[in-house]
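# Notes for the structure review
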Amino acid sequence: MKSCNVMIIGAGLGGLAAAVALQKSGHKVTVYERTPELGELGAGIMLTPNAVRALEHIGALDSVMEFAVEPERSYSRHYATGEIMGERSVSAAYLEKYGKPMLTIHRADLHRALARVVRANDAQCIRLNHEFTSLTQDDRGVEAVFVNGTRERAELLIGADGIRSNVRLALGLSLPPRYTGLVAWRGLVPTESLPPRLRSTSTTSWIGSERHIIEYTVGHLKNYVAIARQANWRSESWTTPADMQEVLETYAGWHEDVMTMLRATPAGTLFKWALHDRDPLARWTYGRVTLLGDAAHAMLPLMAQGAAMALEDAAILARALDDSTDPLEALVRYENARRERTTWTQLQSRTAVDVYHRVDEGRWQHETEQRGKVLYSYDVASVTV
């Protein structure tokens, strides 16, 4: 297809990845971000082989590798005894089996790496202080209206504005959240403050009854996410400060390695949020407008696939535009290529917690490997679009 003028709403991971992919294909891209500064919240993120493959395909992997860590092994351990219940090679085995490794990285570093590629391609691509409010479209293009009074037109509009997407609302798509009964705490601990035995770059899943913790290294920090059942919490914000005493009480009786890591969390760096689930959308493309990433298929973080799905979306969207003569046809082809996979991943993420909250030797390794076969072998360069 000839070069298109594409407007992307949202400069998060998905929006920037889409910008990189479309720029690589020769399209004119402008990204509109509501915040006054470009940045990303959150802590660590796992990039499974399918995500690494997508980053390579869109031309961003070299930039990302400057920040990433490649863990050697992955363990599951009993919450109290520390017994190893499951173990597998990650770097060598994933490279042999799936052709790409798994990486861990700070979310802000991944965002920084993507933004650097976008701006290297076009220094004026990202426009800050543009909060999207509404859109109209006709047979010539789509117009977006922003809070600051700006009106912008393009041939296509991509809503990559996250879990509370205003573009999704503008399309009349309701996606009410449902509290799962699970809360998550996230923390970052300087590795230098931990004893040597806890500084490994390997990933560890601590498995307990109705609770679990996943820990891995990002740069010079140990990132952990602790998930437990709790009936009386509803805030979905990632930036709500948490009380360390509550976490220590929730995980009382767990292995000393866990407690040592928790206690080493610097004051003011522990956050808590409620995990909400949303049903898959039956459709997310309307004319010249489509959705991408969490705006289209928000999912629970229990299989580490939220960002991976957004990266895949970006690559497939660019391929659909490359292979189509009509931009509206391209958006339909993009959605058709993505809907079944993202729906499956959303639904699988609902049940994944069962593996982490039952102390069952062997089950963790078996079920994660079965899901991994479907998830990690996906190749954005060769799947049908």
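Heads up: the structure comes first, above all this text.
Residues numbered from 1 in each chain as written. Predicted model: local features only at pLDDT ≥ 70, side-chain atom pairs only at ≥ 80, totals over all residues. Heavy atoms only, no water.

Along the backbone of the protein chain there are 13 helices and 18 strands. Projected onto its principal axes, the C-alpha coordinates of the protein chain cover approximately 65 × 45 × 35 Å. Considering only residue pairs separated by 6 or more positions, the protein chain has 76% of its internal contacts joining residues 24 or more positions apart. As displayed, the protein chain offers around 15500 Å² of accessible surface, 49% of which is attributable to carbon and sulfur atoms. Averaging the positions of the 43 positive and the 46 negative side-chain charges in the protein chain gives two centres separated by 2 Å. (Helix = DSSP H or I, 4+ residues; strand = E, 2+ residues; numbered from the N terminus. Contact = heavy atoms within 4.5 Å. Areas by Shrake-Rupley, 256 points an atom, 1.4 Å probe, with all protein chains shown as cover. Lys, Arg positive; Asp, Glu negative; His and termini not counted. Charge placed at Lys NZ, Arg CZ, Asp CG, Glu CD.)

With that out of the way, let us pick up helix α4 (residues 91-98). Within α4, the full set of buried residues consists of S91, Y94 and Y98. The buried residues of α4 occupy an angular sector of 75° when projected down its axis, which confines them to one face. Across from the buried face of α4, at angles greater than 90 degrees, the exposed residues are A92 and E96. Following α4 by one or two positions, G99 adopts a phi angle in the positive range, close to 85°. (Buried < 20%, exposed > 50% of the residue type's maximum accessible area, 1.4 Å probe, protein only. Arc of directions from axis to C-beta.)

Take the layout of surface pockets next. By volume, the second largest pocket amounts to about 210 Å³. Taken together, 13 residues form the lining of the second largest pocket, with Y75, R77, R197, S200 and T204 sitting closest to its centre. Put simply, the parts of the chain that give the lining of the second largest pocket at least two residues each are β4 (73-78) and β13 (203-208). Taken together, the residues of the lining of the second largest pocket break down into four nonpolar, three polar and six charged. (1 Å grid on protein atoms, 1.4 Å probe; cavity = no way out; pocket = protein on both sides within 12 Å on 5 of 7 lines; lining within 4 Å. Points joined across faces, edges and corners; volume = space filled by probe spheres on them. Nonpolar A, V, L, I, M, F, W, Y, C, P; charged D, E, K, R; others polar.)

Considering all chains together, one arrives at 26 salt bridges under this definition. As a salt-bridge pair, R151 and E143 come within 3.0 Å of each other at their nearest N and O atoms. Since its relative accessible area comes to 53%, R151 is described here as exposed. Note that K222 is salt-bridged to E215, the shortest N-O span being 3.4 Å. Just as K222 is buried, E215 falls in that class too. Each of D138, D139, R140 and R153 takes part in one network of salt bridges that share partners. (Salt bridge = Lys/Arg side-chain N within 4 Å of Asp/Glu carboxyl O.)

Another point: the sheet that holds strand β12 (residues 178-190). Overall, mixed pairing links the seven strands, which are arranged β5-β4-β13-β14-β15-β12-β16 in an open sheet. Single-partner strands in this sheet number two, and they are β5 (84-89) and β16 (271-277). Across the sheet, the mean angle separating the axes of adjacent strands is 20° when strand polarity is ignored. Sheet analysis places β12 next to strand β15 (residues 221-229), joined by nine bridges and oriented antiparallel. By the bridge assignment for β15, P190 is matched with L221. (Pairing = 2+ DSSP bridges. Axes fitted to C-alpha atoms, helices over the stretch in contact; angles between N-to-C directions.)

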